[in-house]
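The lines below spell out each chain.
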Amino acid sequence: MVARKNEKLTVADWTFWMRVDLLPQEQQEVFHFMFTWMQYNSWYSKTYHMKDVLGSVQLSKNKAAQKVYNALKNGFVQSFKMIPYKDEQGSRLGLYGKEKIIARFNSCNSSLYNYLKVIYKIRCNFFHGSKEPSAENIKLIIWAGQTLEQLLYELKKNKVI
């Protein structure tokens, strides 16, 4: 498959090009997160003309997006809580940096803004190399990719994006 300059490639197109299907499942899922993030990043940069965290969370102000997200959030929170992390309370409350929470995402902090912020932090930690490839971090990256893909799919299906 050869893509032309102005042709829009999907995540599936990129993964086919890279032949990630030959990789173990976890590695495929990590690549999937990368391409899903790039797709989202491209959309919000073009739509909001903002970069980095400001652009990535701007969608959280959209009422229609909030409505779509609200139908998904309980599943997102529950699956996030299942990813192992040891803290004094024994459950995952968010993302941690040097043993303090740097992005909250849990039953009490589950807004679209909190979700997008935690996804952005996972992206930053992964892309900038501060997320070591431990079993827990791989599960976190896979969770981010799967939930972001699900959110983007539902937003597109509901004509929000």
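Please refer to the structure higher up on the page.
Quick look at the structure, then. What you are looking at is a predicted structure, and each value in this text was computed from that prediction instead of being measured.

Attention now goes to helix H2 (residues 25-48). Between its first and last C-alpha atoms H2 spans 34 Å; for 24 residues at 1.5 Å apiece the expected length is 34 Å, and the two agree. Among the residues of H2, those classed as buried are Glu29, Val30, His32, Phe33, Phe35, Thr36, Trp37, Tyr40 and Tyr44. Directly beyond the C-terminal end of H2, a positive phi value near 55 degrees is found at His49.

Before going further, it helps to examine the pattern of salt bridges. Any two side chains of opposite charge can pair, so long as their charged atoms come close to each other. Throughout the structure, instances matching the rule amount to one salt bridge. With a closest N to O distance of 3.4 Å, Glu154 and Lys157 form a salt bridge. With a gap of three residues between them, Glu154 and Lys157 both fall in helix H6 (residues 135-157), about one helical turn apart.

Looking now at the packing of H2 against helix H5 (residues 112-127). The contact between H2 and H5 brings their axes to 12 Å, and the two run at 120 degrees. As judged from the angle between their axes, H2 and H5 are oblique. For the pair H2 and H5, the crossing hand works out as left-handed. Taking contact as the criterion, the partners of Val30, Phe33, Met34, Trp37 and Tyr40 in H2 are, on H5, Leu116, Ile119, Tyr120, Ile122, Arg123, Phe126 and Phe127. Across the contact of H2 with H5, the residue classes tally to eleven nonpolar, no polar and one charged.

What follows concerns the nonpolar core. In this structure, Phe105, Tyr115, Trp143 and Leu151 are the most contacted members of the largest nonpolar core, which totals 37 residues. Elements supplying a minimum of two residues to this core: H2, helix H4 (63-81), H5 and H6. The contacts of Trp143, once residues within four sequence positions are left out, are Phe76, Ser79, Phe80, Ile83, Phe105, Tyr115, Val118, Ile119 and Ile122.

What counts, and at which threshold
- Residues numbered from 1 in each chain as written.
- Predicted model: local features only at pLDDT ≥ 70, side-chain atom pairs only at ≥ 80, totals over all residues.
- Heavy atoms only, no water.
- Helix = DSSP H or I, 4+ residues; strand = E, 2+ residues; numbered from the N terminus.
- Expected span 1.5 Å × (residues − 1).
- Buried < 20%, exposed > 50% of the residue type's maximum accessible area, 1.4 Å probe, protein only.
- Salt bridge = Lys/Arg side-chain N within 4 Å of Asp/Glu carboxyl O.
- Axes fitted to C-alpha atoms, helices over the stretch in contact; angles between N-to-C directions.
- Parallel < 35°, antiparallel > 145°, perpendicular 65-115°, else oblique.
- Left-handed = near helix turned anticlockwise from the far one by under 90°.
- Contact = heavy atoms within 4.5 Å.
- Nonpolar A, V, L, I, M, F, W, Y, C, P; charged D, E, K, R; others polar.
- Core = buried A, V, L, I, M, F, W, Y, C linked by side-chain atoms within 4.5 Å.

Taken by themselves, the reported measurements are silent on function.
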